[in-house]
Structure formats: structure tokens, C-alpha cells
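Coordinates in review
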Amino acid sequence: LSAVRSLGGGRVVDLGCGEGRLVEQLLSEPAVSEVLGVDVSISALERAEKRLRLDEISERRRDRIRLVQGALTYTDDRITGFDIATVAEVIEHLDAERLDVFADVLFAHAAPAAVVVTTPNREYNANFERLGASGLRHSDHRFEWTRAEFTAWAEQVRDRFGYQFERSGIGPDDPELGPPTQMAVFRR
């Protein structure tokens, strides 16, 4: 949310919105004029609709939000024309061999002015007893990147699509392992 705020808000598409936690926060942000939540899971979208109380909120607030089903690896004109795209804790749920297609859909087709991507820092997992150094944080994660791997991916995005990026961390910063979550903010 702070990254969206620092980018100036506007029209935001939350890709992989899940149950709508970030969407809920975005709707409370005065600088955000519209939010589109996209998720592949119908049941997650139904939970988001309940969380957001879409059947109870004012028409004015309701006009600022839409929830739609969609996959992040298929071009979709509904995700174009936004100022900011958020991809919060989602990329690690994609198959690694589909990341190039995902990047094409997001950075070439949707082409927002800015993109905020967050993902776990695999190195930090050594701090979680139940995971150990090689475990993944969720059973549906296909991979988790080290800081160097995430930076390498962000550099590929920069080189392919002309976005600049800044990488930072979220959460307590372990002197050796870094923060639990890493974030890249891309700008055209």
C-alpha cells in the first residue's frame, strides 16, 4: 500500500487479488480512484466479494471496484489502461516456465506506468524452524527466489520492456539473510 501511495495512486489493477485483502486497503486510499481485482480462482473472488461487502456498500464506492476472473498468463484487455499493477505474493504461485509469458502479459500487453511485485525471500526461510533452508512457505509455491534471483529477474524485465526498478525489503532485515519479503517497484 505504501508503494502504491508513493507512486501517486490512480487506477490500480491487483493481479492475483485472492480474497481481496489488498483491494480492501486500496479502496480506503483516497489517491486510488479505481481498483480492478483479478484472480484465477472463482472461490477466492467470492470470498473477496464477501470481505468487501460489495452487496452492502454505497453505489459511489461500488463504482470504484470490479472483481473479475482471469489468468495472469493470458492477454486480457480488461487489465490494460491502469496506472499501477500490483502483484503481491503471487508470482511464486506461477510455474517458472511461464514467467516469460507472465512478463509479456504484464509489462508488454497491460503496460501500466508502474508495477509493484512482492515475493518471499527464500534465503530468509532459514529463520523458520519448520521449513529449514530449502523449504517453501506454502504448498502451492512453485519456487521462491533468493535476493539475487529476484534481482536477476527484475533486470531481465528492465532489459526486455524498458522499465526501471528499485528493489527493497519488507519486514525485519536479517543481517545475513535479508528481509522475509522482497519488493520491486518498476516504472516506465
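Read on for a plain summary of the structure. The model shown is predicted, which means the values in this text are computed figures rather than measured ones.

All right, on to the overall build of the chain then. The helix and strand inventory of the chain stands at six helices and seven strands. The globule rule puts the C-alpha radius of gyration for 188 residues at 16 Å, and the 16 Å found for the chain is close to it. Principal-axis analysis of the C-alpha atoms gives the chain an extent of 50 × 35 × 30 Å. Counting only residues that meet the buried cut, the chain has 46% of its 188 residues in that class. Across the chain, contacts joining residues at least 24 apart in sequence account for 67% of those joining residues at least 6 apart. Counting only carbon and sulfur atoms, one obtains 45% of the accessible surface of the chain, whose full area is about 9,600 Å². In the chain, 24 side chains carry a positive charge and 32 a negative one; their mean positions are 3 Å apart.

Time to look at empty space enclosed by the protein. For the coordinates displayed, the defined rule picks out one cavity of 30 Å³ or more. In terms of residue class, the lining of the largest cavity is built from seven nonpolar, no polar and one charged.

Time to look at helix H5 (residues 99-110). When H5 is considered as a whole, its buried residues turn out to be Leu99, Phe102, Ala103, Val105, Leu106, Phe107 and Ala110. Buried residues in H5, looked at end-on, bunch into an arc of 160°, giving them a common side. Along its buried surface, H5 packs onto strand E1 (10-15), strand E4 (84-88), strand E5 (114-120), helix H6 (147-161) and strand E7 (181-187). Positive phi appears at alanine 111, one or two residues downstream of H5, with a value of about 45°.

Take the pattern of salt bridges next. Inspection of the entire model under this criterion finds 14 salt bridges. Of the charged contacts, one joins arginine 21 and glutamate 19 as a salt bridge, the two residues approaching to 3.6 Å between their closest N and O atoms. Judged by relative accessible area, arginine 21 falls into the exposed class, the value being 54%. Judged by its relative accessible area of 28%, glutamate 19 falls in the partly exposed class. Salt bridges sharing common partners tie together Glu19, Arg21 and Arg47.

Bringing the packing of H5 against H6 into the picture now. At a minimum axis distance of 11 Å, the contact between H5 and H6 shows a crossing angle of 50°. Considering their axes alone, H5 and H6 lie oblique with respect to each other. Viewed along their axes, H5 and H6 form a crossing whose handedness is right-handed. Together, Leu99, Asp100, Phe102, Ala103, Asp104, Phe107 and Ala108 of H5 and Trp153, Val157, Arg160 and Phe161 of H6 make up the contact between the two elements. Taken together, the residues of the contact of H5 with H6 break down into eight nonpolar, no polar and three charged.

For residues other than glycine, phi is negative in most cases, and the peptide bonds are mostly trans. Phi angles above zero are rare outside glycine, and arginine 53 is one such case at about 50°. In this fold, arginine 53 is placed in the loop between helix H3 (42-51) and helix H4 (59-62). Even without glycine at this site, alanine 111 takes up a positive phi of about 45°.

Calculation rules
In this convention, every chain numbers its residues from 1, walking through the sequence in written order. Local features in this predicted model are restricted to residues whose pLDDT is 70 or higher, and side-chain atom pairs enter the listing and the counts only when it is 80 or higher, whereas totals over whole chains, interfaces and linings include all residues. Derived side-chain values reflect all non-hydrogen atoms in the structure, with water molecules and hydrogen atoms excluded from consideration. By definition, any uninterrupted DSSP run of H or I lasting at least four residues is a helix, any uninterrupted run of E lasting at least two residues is a strand, and each is numbered from the N terminus. Throughout, the radius of gyration refers to the C-alpha atoms, and the reference size of a globule is 2.2 Å times the residue count to the power 0.38. Burial here depends on accessible area, computed with a 1.4 Å probe over protein chains only, as a share of the maximum for the residue type. Under 20% is buried, over 50% is exposed, and the range in between is partly exposed. The criterion used for residue contact is that any of the two residues' heavy atoms lie within 4.5 Å. Using a 1.4 Å probe, accessible areas were evaluated by the Shrake-Rupley method; residue-level cover was limited to the displayed protein chains. Neither His nor the chain ends contribute to the count of charged residues, in which Lys and Arg are positive and Asp and Glu negative. Lys charges are placed at NZ, Arg charges at CZ, Asp charges at CG and Glu charges at CD. Note on definitions: the grid is 1 Å and covers protein atoms alone; a cavity is a set of points where a 1.4 Å probe fits but cannot get out; a pocket is an open set with protein on both sides within 12 Å along at least five of seven lines; lining residues have an atom within 4 Å of a point. Grid points are joined across faces, edges and corners, and a volume is the space filled by probe spheres set on the points. Residues are grouped as follows: Ala, Val, Leu, Ile, Met, Phe, Trp, Tyr, Cys and Pro are nonpolar; Asp, Glu, Lys and Arg are charged; every other residue, Gly included, is polar. As used here, the arc belongs to the directions running from the helix axis to the C-beta atoms. A carboxyl oxygen of Asp or Glu within 4 Å of a side-chain nitrogen of Lys or Arg is what we treat as a salt bridge. Every angle, taken between N-to-C directions, lies between 0 and 180 degrees, and every axis is a line fitted to C-alpha atoms, over only the stretch in contact when it is a helix. Orientation is classified from the angle alone, with under 35 degrees giving roughly parallel, over 145 giving roughly antiparallel, 65 to 115 giving roughly perpendicular, and any other angle giving oblique. Each helix crossing is assigned a hand: it is left-handed if the near helix lies turned anticlockwise from the far helix by less than a right angle, otherwise right-handed if that turn is clockwise.

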